[in-house]
Amino acid sequence: MSWSWLPISSLVTRSALSKPVTRLYPVERRTPYARTRGHILFKIDNCNFCTICAHKCPTDAIVANKKDKTWAIDYSLCILCGNCVEDCREGCITLSNDPHPPMRAKEIWRVRKEYEAPPPPESPKVAFPEEAPR
C-alpha cells in the first residue's frame, strides 16, 4: 500500500476545525417549514359537537359524540389531510406545524366536555295589592 499520510491528516484536521455538518439534535431543533404538517390540535371550549369533522375524515380517525359531548382522535389513523380543519365551523380544530412526538403504541386522544348546568331561572316576582287604610 502506498497511501500517504498527508491527505488523510489534512482531512482529519479540516474536519476537526470546521463546524459540524449536522445539528446536535436534542439541543438544536430545526424550525419547521411553513407548510409542514405536524399534528391536529383541538380546543374543546369552542366545540358544539356537530360531528362534521368525524364525517369528513377519510380514515375515520375522528369520533365525535354529541350526546356524551366527547371528541377523540386516533393519531395512528390520521393522515393529516386537513379536511377536519377546513370544515370545522367553530374553528376549534387546527393543524400545528410542530411534529407529533413518536408513538410507541396506538394512541387515541380523548376529550370530554364537562356538563355545564344552565343558570337557574329567576323566580317571578309577585306583587301583592296594597291594603287600603281603615
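Since this is a predicted model, take the numbers as computed values, not measurements.

What counts, and at which threshold
Residues numbered from 1 in each chain as written. Predicted model: local features only at pLDDT ≥ 70, side-chain atom pairs only at ≥ 80, totals over all residues. Heavy atoms only, no water. Pairing = 2+ DSSP bridges. Helix = DSSP H or I, 4+ residues; strand = E, 2+ residues; numbered from the N terminus. Axes fitted to C-alpha atoms, helices over the stretch in contact; angles between N-to-C directions. Core = buried A, V, L, I, M, F, W, Y, C linked by side-chain atoms within 4.5 Å. Buried < 20%, exposed > 50% of the residue type's maximum accessible area, 1.4 Å probe, protein only. Contact = heavy atoms within 4.5 Å. Disulfide = S-S within 2.5 Å. pLDDT = per-residue confidence, 0-100. Phe/Tyr/Trp six-rings, centres within 6.5 Å; stacked < 30°, edge-to-face > 60°. Polar contact = N/O pair within 3.5 Å; in protein donor to acceptor, adjacent residues only side chain to side chain.

## So, the sheet that holds strand E5 (residues 108–112)
Two modes of strand pairing occur in sheets, parallel and antiparallel, and in both the strands are linked by backbone hydrogen bonds. Pairing within the open sheet is antiparallel, and its three strands lie in the order E2-E3-E5. At either margin of the open sheet sits one strand with a lone partner, and together these are strand E2 (62–65) and E5. Recorded for the sheet is a direction-independent mean angle of 10 degrees between the axes of neighbouring strands. As paired strands, strand E3 (residues 70–74) and E5 are joined by five bridges and run antiparallel to one another. Pairing of Ala 72 across the sheet is with Arg 110, part of E5.

## Thoughts on the nonpolar core
Core analysis: the biggest nonpolar cluster contains 18 residues, and Ile 40, Phe 42, Ile 62, Trp 71 and Ile 93 have the highest contact counts within it. Once residues lying within four places of it in the same chain are set aside, the contact partners of Ile 40 are Trp 71, Ile 73, Tyr 75, Cys 78, Leu 80, Cys 84, Val 85, Ile 93, Thr 94 and Leu 95.

## Quick notes on the state of the cysteines
On inspection of all chains with the given rule, the structure shows zero disulfides. Unpaired in terms of disulfides, Cys 47 finds its nearest cysteine sulfur in Cys 92, a separation of 4.2 Å. On the basis of relative accessibility, which here comes to 10%, the residue Cys 47 falls in the buried class. The thiol of Cys 81 is not disulfide-bonded; the next cysteine sulfur, from Cys 57, is found 6.0 Å away.

## What to know about the confidence of the model for the chain
For the chain, per-residue confidence averages 82 on the pLDDT scale, and 84% of positions sit at 70 or higher. No element of the chain has a lower mean pLDDT than E5, which averages 82, and none a higher one than helix H2 (residues 52–56), which averages 94.

## Things to note about unusual backbone geometry
Non-glycine residue Lys 69 carries a positive phi angle of around 55 degrees. The phi angle at Leu 80 is positive, at roughly 55 degrees, despite the residue not being glycine. Residue placement: Leu 80 occurs in the loop between E3 and helix H3 (83–87). When its relative accessible area of 18% is taken as the criterion, Leu 80 is described as buried.

## A few points about the packing of aromatic side chains
In this structure the tally under the stated criterion is two aromatic pairs. With a centroid separation of 3.9 Å and an interplanar angle of 5 degrees, the aromatic rings of Phe 42 and Trp 71 are classed as stacked. In this pair, Phe 42 sits in strand E1 (residues 39–42) while Trp 71 sits in strand E3, placing the two residues 29 residues apart along the sequence. We classify Phe 42 as buried; its relative accessible area is 10%. When the ring of Trp 71 is compared with that of Trp 109, the centres are 6.1 Å apart and the planes differ by 85 degrees; the resulting orientation is edge-to-face. Of the two residues, Trp 71 is situated in strand E3 and Trp 109 in strand E5; the sequence distance between them amounts to 38 residues.

## Focus on the side chain of His 39
Note that His 39 resides in strand E1. On the accessibility criterion, His 39 (14% relative accessible area) is buried. Within the structure, His 39 has its side chain in polar contact with the backbone oxygen of Asp 98 (distance 3.0 Å).

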